[in-house]
Every structure is written in structure tokens, then in C-alpha cells.
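Listed below are the residues making up each chain.
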Amino acid sequence: MVSNAPSPPREGATRPGEGPPRRPGAARRRSTGLRNGRADRITLALMLGVPALLVVGLVWLPAMVTVALSFTRWDGIGGLETIEWIGTQHYVDAFTIYPPFEPALRHNLVWLVFLFAVPTVLGMFLAVLLDRELRGGSVYQSVFYMPVVLSLALVGFIWQLIYSRDQGLLNAFLAVVADAPPVDWFGDPDINLYAVLVAAGWRHTGYIMLLYLAGLKAVDPSLREAAAIDGAGPVRTFTRVVFPALLPINLVVLVVTVIDALRAFDIVWIINRGRNGLELISALVTSNVIGEASRVGFGSALAVIMLVISLVFIIVYVSTMLRGAHR
Amino acid sequence: MHHRPVGPPGPRRRTLLRGMAGAGALLALPGLAGCGSRRDDPDLVTMASNRANPAQREAIAESVGNFEADSGLSVEVNTFQSTAFQESVNNYLQGTPDDVIGWFAGYRMRFFAERGLISDVSGVWERNLRGAFTDQVRDLCTADDGKQYMVPDSTAPWAVFHRRSLFEERGYEVPATREEFVGLCERMRADGLAPLASGVREGWPAMGTFDHLNLRLNGPEFHLELLNGDHSWDSPEVRSVFGAWAELLPHHQADPLGRGVNEAQTALVRGEAGMMLCGMFIAHSFPEEDLDDLDCFAFPEFDAQIGADAVEAPIDGFMLSGEPRNPEGARELVGHMGALKSQEIYTAIDPQALPIHTEADTSGFSALDAKVNDMVVNAGALTQYMDRDTRPDFASVVMIPALQRFIRQPDDIADLTASIQRQKASIFGH
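A quick note: this is a predicted structure, and the numbers were derived from the prediction, not measured.

Asks: Before we move on, can you summarise the overall build of chain A with the specific residues and values?
Replies: Scanning chain A for helices and strands turns up 14 helices and two strands. Looking at the 327 residues of chain A, the share that counts as buried comes to 31%. The contacts of chain A with a sequence gap of at least 6 include a subset with a gap of at least 24, amounting to 66%.

Shown next as C-alpha cells:
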């Protein structure tokens, strides 16, 4: 689930004139940067060019091939001559006769709203608490971050132990405490999405917490002191002073959360391959493309729909970042 | 902090690389499997086995060991977890597959034969296996070009399983007809049991119920044609299957959609459920000392005209990759795996497997094995299982969600069959 999010930008906290410069070497480096030697330029070109080529070759080209394949019927076996062009048939099918598609779109949206409403807010709250440098802070930090680093197989197993209808901890607990009849956490399509969201949120909270913690450490302490001198309480200090200073982190969190919601996959796949109430676009893509099913064309069409949705968010993000850089 | 680790950093980097290679191999699981160093050895045959249970590994090793001793060739067995293997088999067969590959008879084998991904083994049938199998089994291993592409070695049939002790204790009679079956279910419910254990979270176990009801209500011929795409799914025949299923649904264990098939088997083992429609693989989940208590009967008759002698008996076997590195050795090996002795050795060790050789010695069978074997031998027709008798994309992408939806809302059958038919037309092209 951990995405390759950029490390939090620090410019917000180290504008010239605000407090002592944190990295004494920064000024010197900047001045040498202006006089790039020939060797420097070649090195830079290589260090940026090779990754760029790799990304284009390994990400952008396959993405374009996916778009092309989405207009074909192909079982992934045999040469390219066995590819049959069928136009937009797959897109029409997805929206008209493929029952899991509409729930999948809805579930991805629910996933997104939930991630913002609960784990993101909770992660921010935990970060603010941990930022106060209380004793044992690193212990709490490890506890909350733990779920993020657990392997996907283990996470699935843990939640199976908790949610299993017949042998699960949760139903056993409810039966003892409230004498409740067993609840079908995984099988009832009205509740299984939310049961799984708790599991997903469990991981997302730790991740967001770490991002905000890094951001909070970068906020200049003099801002807080100034707010305190002006008589602002802790809540007011946070909402009026610290939170606005966290703008770059907020953007990163926004993007990370959107991306996580769009590519949510592992937990539902482990539970029931993303069926019966747990449909997600990513799971539909996988179940169509992998295995003997090999509906490469149809799966590609679903993947393209997902790509288009992601592009909307990516464009908003990039344009915001660029505008920020111009200012 | 400041002193450097003793020794050059080389080994570390190598460890890291090895780790990365390991991770890569995991991702590309079977793709890299064949890159062993002994590949050039002319006396080596490689084999991919999808039988990964401990008993199955042991049985394969035993049988392969005999082959090595008899032929002087050496065999490298690469074992893959069955589900993971199925998910990557298309890529695997197009890469550098092993010489011999464990797989399933029927549609899923024919498909690979048609695409030229596996080799003709009719020579082996001619030479070593004349009269070894019934015509039915032969048909299941034959592609549309009339040639055989698989050598079968065992089967794990489906039936309604139950605990003999429970039936004796409560005086339950084995039901032979629909009325008796429903009556027994009602009695079990009155006794506080879940009559039919049911766990369909993974989806595919629900196919067994559809298959059996369709076989009993519409007959094996219609069933196979339907799965082959020859009939409409939006038909009175198919609706009658779902109708009969809806009548049985209340007798299934509650909330089947959240329960894995293993958990359902556990309910039968523990005596919380009375019966379970399942494959012989249920034997794996019974504790060894209780295996004697496991009994079964054929899924009862629903229509006297059609009877109850069609048996769902998925057949496993071995095929040859498209361009085996060692074709002679590989043909010898598949011939060996299908031979009577190997089948007997293999099936004696793997509790779910029965031999399908016509001359297989049944005297050493357990009572259960003998009973199931009789069903197979006297079967009017053999079917494989829905996901082996039809296109895999139709089975997994259309049928699993459809069957799960039916279990969720059994009251809108007409809408369901219409939806299946629309998707079937799109996939089959008619």
C-alpha cells in the first residue's frame, strides 16, 4: 500500500530570514550549482535520463499498449496476428452488461471518502499527539506504524482470524459480551465493505501519521511560540498556524490517499478475490487479466477507465504544484 | 559508528542481489523455474507438478523415484502451489515450461492443445496405454483434432459426504430421490444440525451445486452442451436448476458467502453439519483417525427419466510442453505416470485420488474409496467440473459472481439468467 510518495518538501519552513539556516552546506551547494561543469552536466543528464528512460519504457509504454489492447479481443496467447480489433465493444460491455462494474466504481468512491474521513484525520491527530515528544513516543509510533510494514499475506490472515463467522475473535467476543448472533462480516455484502475498510484504515492511519509527523517536525518552532505569545490555545494554534504551514504535506497526503483508494486491492483479493460486495476496479482488472481467464482486452478496458480517473487527480495535483513553484 | 565493517562489502551486495533475484523469481514464479543449471543434461527430464499437499508431494516423489530407477533418466520435479500455478499457467506455457506438466483433463487441456502450447501424446497411448482407460476418459484427454494430449493418472470425484456414525446414531437413511433428500434435510434441521455444509467465499465451490442439479434435472448431455456454449442460459431448463437450488438453499449452512470451503469442511468434521456436497479432497481435512467414519452417497435423483448416474469426476494427468527439451524422456515419463503401477502407488498415498486405470486393483481400497470407485466405474457419464468444462473466462468472470448473487438474492432468477446470457453471448461470441 505504501506508495512512492515524494518526501515532504521543506521550503515552507525554511524561508530566508526565518530562524537559523538548518543546513549550513545549502548555500555553498547552490552557488556551485550555477556553474555546472561539463562533467556535472553529463552526470546529471545520465542520472536523470536513465531513470526517465526506464519510467517511459516500463510505465508509459505499457500504459499505452494497455490503451491499445482495450480495443481488441485477445487471449494473451499466440502472436500479435491473433489480435482482433473490436472497437469500443469492451467499454460498452463494462457499462452495460458487466454487473460487478457499477458496484466497483461505487466501492472505490466509498473507499476514498472513508480514507479521508477516518484514517487521515485519525493519523493527523496521532501525529499531533506524538509530536509533543512525550515519553515512549517512539514506542507508540512503532505500534501505529507496524500495520504498514506487515506483509499482505499476514494482514489477510490476521483479519481472517478476527472476522471469520464461525471461528473469528470478533463474533466470539460479541457472543460473550452481548449474546449477539454471529455476524457474517465477510459474506454479507451490506457490511463486508465496511469491515474491510476498518482493516484498510488500520494500515492507512499509520502511514498518514508518519507523513504528518515528518511535516510537523519541519514546522518552525518559532511559529508556535509566536502563536502562544499572542495567546492562542493549542487547538487554535494548530488550526490557524500549524495546519496552514503544513500545506505541502497536506497536498502529499491528499495525493497518497487518492492513490491508495484507487489502487486498493490486496485485502479484498485475499478475502474473496474482490467479489460479492467487495468489488473494486483493481480487483476486476486482475481477475479478468490474470489466470486462465485472460480477457486481456476487457481487463485492459477496465484498467484504462481506472487510468482516466487517476489522471484527473494527477493533473489537478501537478498543476497545483506547478502553480506553487511559479509563485 | 565510524569504523567500517570488517571485510569487503562484496558479499553483502551479492546477498542483496540474490535477495532481489529471489523476489523476482517469486513474482515470475514458474517462468524462471526452468533455469536450472542441469538443463543441458540429455538424461534429464523436468516436470512441473501442481500437486503441492504433503501427501501429494510424497506420492509424486515415490512414483518419479521408480521411474528414475527403471529408466536411468533423472527427473527434476518443480512443485507449484495449485492455485498460483493456475493463475500463471498461460504465461508459463508460453515461456520455457518444464518437459512434463501436471494439469486437468477436459476443456482446459483442449484449449492449450488448440493453441499449440502442448504436444501430442497419442503415440504414448498407442504404445503403452492400449486398453488402459475407458473411452470416456480417452475422450476427455482428446483434443478436437482427435489426438490425445494428456495421460491421465487419477481422479477426485464429487459426492455428498457425511459421517457414518452420525447417520447411524440418528437413524438417517441415505436419500435416493429429491423428496427423500429434502425430507432428510428437514429432519436434520429439526435435530439442530445444519443439513448441508456450505462455504462459497472463494466462489468456485458454488459451481458444484449448479453442476449436480443441472446433471440431475437436465441430464449430462445438456449440461456439457450448455457449458460448451451451445444453449442459451436464459432458458426454462437453467431457470429450473436455480429453482431447485432455491428450494435447497434454506437447508444450507447459514451465511455461506462469508465462509471458506475449509471452514465448511470443518463444520462437517465437527458434526455441526450433516452432509456436504464436495470433492474427494475433503479427505485432506478429516483427521486420519476419523477417515474411517467418512462416508458418501451419490447426489440423489431429481428426475426418474434422467437418473443419478452422471458423476462429476475431475481427472488429473500429465501433458507434454509444446517443445519439450527431452521429448523421448518426457514421453517415457508421462507413459510411466499413467501406467497401472504408478497410479496405484500414487493413489495409495494421496487420500483424495482414485486410480482410473481399467485394471486398477481395488482390493486394497478403503470402503469409501471402493464406493466412490464404483460410482465412477458405473457412471452413465463423467463430467469434470464447471470450471474445467467451460471457458475459464466465463467460469471465473461471469459464473462465480452470478452464483454468489443467486445465493444472496435467490428470488430474481429470471433477471439473473438474462444477465448470464448477455455476458455469455459477449464472451462466446454467440
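So much for the structure itself; the text now carries on.
Asks: Explain the pairing of strand β3 (residues 100-104) of chain B to me, using residue names and the numbers behind them.
Replies: Residues and elements named next belong to chain B. The buried fraction of β3 is high, at five of five residues. Where burial is concerned, the two faces of β3 agree: the one with Val100, Gly102 and Phe104 and the one with Ile101 and Trp103 are both buried. In this sheet, β3 lies alongside strand β1 (residues 44-49) in parallel orientation, the contact comprising two bridges. Of the residues in β3, the one forming a bridge with Met47 is Val100. In the sheet, β3 pairs with strand β11 (residues 315-321) via five bridges, with the strands oriented antiparallel. Within β11, the residue paired with Phe104 across the bridge is Asp316.

Asks: Outline the interface of chain B and chain A, listing residues and values.
Replies: With 29 residues of chain B at the interface, the matching set in chain A holds 30 residues. For the side of chain B that touches chain A, the elements supplying multiple residues, two or more each, are α3 (82-94), α16 (392-408) and α17 (413-428) of chain B. At eight residues, α16 of chain B tops the list of elements feeding residues into the side of chain B that touches chain A. For the side of chain B that touches chain A, the per-class residue count stands at eight nonpolar, 10 polar and 11 charged.

Asks: Please set out the UniProt feature "domain: ABC transmembrane type-1" (unreviewed entry) in chain A residue by residue, giving values where relevant.
Replies: In the numbering used here, UniProt assigns the "domain: ABC transmembrane type-1" (unreviewed entry) feature to residues 105-317 of chain A. Across residues 105-317 of chain A, the secondary structure splits into 77% helix and 0% strand, with the terminal C-alpha atoms separated by 22 Å.

Asks: Talk me through the environment of Pro97 of chain B; I want residue IDs and the actual numbers.
Replies: In this fold, Pro97 of chain B is placed in the loop between α3 and β3. Residues Pro97 of chain B and Arg110 of chain B lie 13 residues apart in sequence; the distance between their C-alpha atoms is 18 Å.

Asks: How would you explain helix α10 (residues 236-248) of chain B if you had to name every residue and give the values?
Replies: Residues and elements named next belong to chain B. The end-to-end C-alpha distance of α10, which contains 13 residues, comes to 18 Å, matching closely the 18 Å that a straight helix rising 1.5 Å per residue would cover. Residues Val238, Val241, Phe242 and Trp245 constitute the buried set of α10. All buried residues of α10 lie within an arc of 90° about the axis, which places them on one face of the element. Of the surrounding secondary structure, the elements contacted by the buried residues of α10 are α9 (205-227), α16 and α17.

Asks: Summarise the domain arrangement of chain B; cite the residues concerned and give the values.
Replies: Residues and elements named next belong to chain B. Structurally, chain B comprises domain 1 (37-156 + 314-359) and domain 2 (158-312 + 384-428). The distance between the C-alpha centroids of domain 1 and domain 2 comes to 29 Å. Across the contact, 12 residues belong to domain 1 and 11 residues belong to domain 2. Broken down by class, the residue content of the side of domain 1 that touches domain 2 amounts to eight nonpolar, three polar and one charged.

Asks: Give a description of the sheet that holds strand β7 (residues 194-196) of chain B that names residues and reports values.
Replies: Residues and elements named next belong to chain B. If you trace the four strands from one edge of the open sheet to the other, you get β7-β8-β6-β9, paired in mixed fashion. Pairing within the sheet leaves two strands with one partner each, and these edge strands are β7 and β9 (294-297). With direction set aside, neighbouring strand axes in the sheet form an average angle of 30°. Here four bridges tie strand β6 (residues 158-163) to β9, and the two strands are oriented antiparallel to one another. Its bridge partner being in β9, Val160 is matched across the sheet by Phe297.

Asks: Lay out the UniProt feature "transmembrane region" (unreviewed entry) in chain A in plain terms, naming residues and giving numbers.
Replies: Residues and elements named next belong to chain A. Listed under "transmembrane region" (unreviewed entry) in the UniProt record, and renumbered for this structure, are residues 44-71, 109-130, 142-162, 191-214, 241-259 and 296-318. Secondary structure content for residues 142-162 is 90% helix and 0% strand, while the C-alpha to C-alpha distance between its ends is 22 Å. What you have in residues 191-214 is 96% helix and 0% strand, and the ends, taken at the C-alpha atoms, are 35 Å apart.

Asks: Provide a residue-level description of the confidence of the model for chain A, including the pertinent values.
Replies: Residues and elements named next belong to chain A. Taken over all residues, the pLDDT of chain A has a mean of 84, while the share at 70 or more is 88%. No element of chain A has a lower mean pLDDT than helix α1 (residues 25-34), at 48, and none a higher one than helix α4 (residues 101-130), at 94. The model gives residues 1-33 a pLDDT under 50, and that stretch makes 30 contacts with residues more than four places away or in other chains.

Asks: How would you explain the confidence of the model for chain B if you had to name every residue and give the values?
Replies: A low pLDDT score tells you not to read the predicted coordinates there in detail. Residues and elements named next belong to chain B. Residues at a pLDDT of 70 or more form 91% of chain B, whose mean pLDDT is 88. Within the model, pLDDT remains below 50 along residues 1-36, and this stretch shows 21 contacts once partners closer than five positions in the same chain are excluded. Our summary of model confidence lists the complex with pTM equal to 0.83 and ipTM equal to 0.80.

Conventions used here
Residues numbered from 1 in each chain as written. Chains lettered and ligands numbered in written order. Predicted model: local features only at pLDDT ≥ 70, side-chain atom pairs only at ≥ 80, totals over all residues. Helix = DSSP H or I, 4+ residues; strand = E, 2+ residues; numbered from the N terminus. Buried ≥ 20, exposed ≤ 12 C-beta atoms within 10 Å, placed from the backbone. Contact = placed C-beta atoms within 7 Å. Pairing = 2+ DSSP bridges. Nonpolar A, V, L, I, M, F, W, Y, C, P; charged D, E, K, R; others polar. UniProt positions renumbered as here; feature names shortened; annotations may be inferred. Expected span 1.5 Å × (residues − 1). Arc of directions from axis to C-beta. Domains from an automatic or database assignment. Axes fitted to C-alpha atoms, helices over the stretch in contact; angles between N-to-C directions. pLDDT = per-residue confidence, 0-100.

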